[in-house]
Amino acid sequence: MAVSAQLLVEELEIFGLECEEALVEKLIELCALYGQNEEGMAGELIAFCTSTHNDCVTAETLNSFEHEFLSKRLSKARLGASKGSGHAGARDIVSIQELIEVEEEEETLLNSYTTPSKGSQKRAITTPETPLTKRSVSTRSPHQLLSPSSFSPSATPSQKYSSRSNRGEVVASFGSAQVMSWSGREGASNISLKVLGYPEPLTGSYKSMFQKLPDIREVLTCKIEELGSELKEHYKIEAFTPVLVTAQVCFAVRHIDQMLSSCPKDCHSYVYLRQEPVTLLGQIGCDSNGKLNHKSVILEGDREHSSGAQIPVDLSELKEYSLFPGQVVVMEGINTTGRKLVATRLYEGVPLPFHQPTEEDGDSEQIMVLVACGPYTTSDSITFDPLLDLITIINHDRPDVCILFGPFLDAKHEQVESCLLTSPFEEVFKQCLRTIIEGTRSSSGSHLIFVPSLRDVHHEPVYPQPPFSCSDLPREDKKRVQFVSEPCTLCINGMIFGLTSTDLLLHMGAEEISSSSGTSDRFSRILKHILTQRSYYPLYPPQEDMAIDYENFYAYAQLPVTPDVFIAPSELRYFVKDILGCICVNPGRLTKGQVGGTFGRLYLRRQAAGAEGRRSPCTAAQVVRI
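It should be emphasised that the depicted structure is a prediction, and the values quoted were computed from it without experimental measurement. (Residues numbered from 1 in each chain as written. Predicted model: local features only at pLDDT ≥ 70, side-chain atom pairs only at ≥ 80, totals over all residues. Heavy atoms only, no water.)

Colleague: Would you explain the overall build of the protein chain in this entry?
Modeller: Along the protein chain, the regular secondary structure elements total 18 helices and 22 strands. Burial status across the protein chain gives 47% buried among its 626 residues. Taking as baseline every contact in the protein chain between residues at least 6 positions apart, the subset at least 24 positions apart corresponds to 73%. Element-wise, carbon and sulfur atoms account for 51% of the exposed surface of the protein chain, whose accessible area totals about 31,300 Å². (Helix = DSSP H or I, 4+ residues; strand = E, 2+ residues; numbered from the N terminus. Buried < 20%, exposed > 50% of the residue type's maximum accessible area, 1.4 Å probe, protein only. Contact = heavy atoms within 4.5 Å. Areas by Shrake-Rupley, 256 points an atom, 1.4 Å probe, with all protein chains shown as cover.)

Below is the structure:
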C-alpha cells in the first residue's frame, strides 16, 4: 500500500513535530522497508524522539531512529519467525541474550510515554531460581507503579508544571515554623487514630434522593431550636418573642394611633413607649431567588415560637454584622410598622467546647502532619506528576500522618469530561491509590488518611459522602491506611481535626454580606461562622452543585466539639489562622490549572491530660509550594 507524504506530515504535526521534505521522503522509504503505515511510523518516531529528548526531526535523528530502533524491531520479527518454524528445543545463549535486549527495548519504549524518573526503570529479570518476591514488588518506584499511558492515549507531561522555579517556597507560616526542620519520627511514633461521630461516624453508602420537603424542613427546624436553646442559655435571655405576635402588636399600636390622633402629644408618646424591643429567634433568608444583600434580608422564625413565620429585617441600625443564608441568629429590635423589624442588636454565636484529652488518647509527644488536596494532576496533563512529587516529599520528610483530600481523579479534568480515558474511572483511581500506598510503604511508613471529594468522578456525589471502599487493601497496610467520610471529625492522639474537602470558603464567601468598622477579613468571618453554627456546611440553600441528603446531613455533618485544627482546602488563597482558639488551615490545592499549587504541614504536641487551662496543640504550621 502506498504511503501518503501529506498524511505522514499531518500525523507528525499532531504532536508538534515539523519535518523537511527531504526527510519526509526518507520516512516514506522507511515505511516501505519496515512495513509501516503513516500512523504507525509517526507513533514510533514520536516515541523515539520523546525517549531521546529530541524536539525536532533532523537527518541525524532519522539515522539513529533507523539503526537503534527499527533495525532491532526487524531482528525481533525474525526471532519470532524462527521461533515459529523451529523446534521447541533449548535456545543458545546468543538468542536468549537477543530476546532480553528486545524486552529491554520494549520497556524503554513504554517508559517514553511516562514521567521520567531518577535511576533505571528496567524490569528485574526473573527465573524459577530467582523469583520476584513480594518485598521487591513493594519497593518499586512510584513512577513504575503509576503508568498514565495505560489509561490515557495522550499522557504528555505538563511543560508549565515541570518548568516551575518556586518549588519548596514557604508562602504562609504560623508559630515557630521559621526555625524548624520538618521531619516526623520515622515510624517510631505511637499514633492513635479515631473517627468521631455525632453520635456515630459514617462508614458506608446509603440510599439518597428519597428525601421529602417536610423532612428537610424538620432538619432545619431542629437546627434552629438547638442553637436557639444554646444562645438563650448563654446570654440569659428570658424568652423569645413570636414573629406573628410582634406584627399583631404593631398593628394594634397603629390602630390606637389612628383612634387617638386627636389626643394630646403626651398620650400619643405614651402609646409608643409601650412598644418595647423584642428578641426574635430565626434563620437568615433572602426575600427572592437572587443573591442576599442588606435590603433583601428576612428572618424565618422557628416553629415553636413563630410557627415558621417570616419578617423582613432592616439592618441600618446595626454597626457591625455578618450574615449568610441559613445562619441561625438571635436578633433584638423594634417593629414600628408591623411590616419590618429594625434590628438593633445581633447576638454572637457560641462555639462548642474543646475536647479534653485523657490518658487513653495516646502519648503527648510532638508529631508532624502533612495535608494535601487534589487535583493531583495539572489541567493539561493526566500524568500525575504532582502526586509523584508529593510522594517524594512524604518519603523525604516522613510525616507521622498524611491527610490526603480528593479529588484524586477530578470530574472537572478536560480528559475526564471529554471521555478520553481508555480505562474505567474506578481502575484509574485504584492505580492512583496503589501508587500512594506502595510508594510510601517502605520509605516513610506514614499513616495515610484518605478523604473523598464530591469532584471524585468515580465516587458517590452526595453530601455527606461515604468513605472510599477498598476491599483489596494488603494486610500489611490496613493498620496505617484509613478511609474516612466527607466531612469527618478525626482524633489523632487526643487532638481533634475537622476535615472537609468541600470548598466552604468559596461557597459561603459568595453569599455572605457584612458591615464592619474593624479590619476583620472575610476568611476569618466565615470560619467563625462554621465554628459557631457548629456545622460543616451551614449554608442554606446550598450551592447548586451540592446534592445534600439532609437526614444524613443532620447525623454526620455536625461538629461534635470545636476542633483543635480545622482543615478547609479551597480554590481561594491559602492561609493559616487562629480562629476562637482553633487553628484553621487552607493548604490550597496541589495544582492550580497548569501550574503547581501548595500543600500544608503542621507540628502538633498535645497538652498533658489533666493540665489546667487550654493551650493550642499546634506549635507550628506552614503552607509550601509543591
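Colleague: Before we go on, may I ask you to explain the environment of E365 in this structure?
Modeller: Considering the arrangement of structural elements, one finds E365 in the loop between β8 (341–346) and β9 (367–373). Judged by its relative accessible area of 44%, E365 falls in the partly exposed class. Residues E365 and A608, spaced 243 residues apart in sequence, show a C-alpha to C-alpha distance of 9.6 Å. The contacts of E365, once residues within four sequence positions are left out, are R185, L604 and R605.

Colleague: What is the right way to read the packing of helix α1 (residues 5–14) against helix α2 (residues 21–34) from this model?
Modeller: Between α1 and α2, whose axes approach to 10 Å, the crossing angle comes to 105°. When the axis of α1 is compared with that of α2, the two are roughly perpendicular. Together, A5, L8, V9 and L12 of α1 and V24, L27 and I28 of α2 make up the contact between the two elements. Of the residues contributing to the contact of α1 with α2, the split by class is 7 nonpolar, no polar and no charged. (Axes fitted to C-alpha atoms, helices over the stretch in contact; angles between N-to-C directions. Parallel < 35°, antiparallel > 145°, perpendicular 65-115°, else oblique. Nonpolar A, V, L, I, M, F, W, Y, C, P; charged D, E, K, R; others polar.)

Colleague: When you look at the packing of aromatic side chains in this model, what are you seeing that I'm missing?
Modeller: Under the definition given, this model contains 15 aromatic pairs. Ring geometry for Y463 and Y537: centres 5.8 Å apart, planes at 55°, overall tilted. You can see Y463 sitting in the loop between β11 (447–451) and β12 (481–483) and its partner Y537 sitting in the loop between α17 (522–533) and α18 (550–556), a full 74 residues away along the chain. Summarising the burial analysis for this pair, Y463 and Y537 share the class buried. Taken together, the aromatic side chains of Y376, F408, F429, F450, F468 and F483 make up a single cluster linked through ring pairs. Against the face of F575 rests K577, its NZ or CZ located 5.7 Å from the ring centre. Over the ring of F354 we find R614; its NZ or CZ atom is 3.6 Å from the centre of that ring. (Phe/Tyr/Trp six-rings, centres within 6.5 Å; stacked < 30°, edge-to-face > 60°. Lys NZ or Arg CZ within 6 Å of the ring centre and 35° of its normal.)

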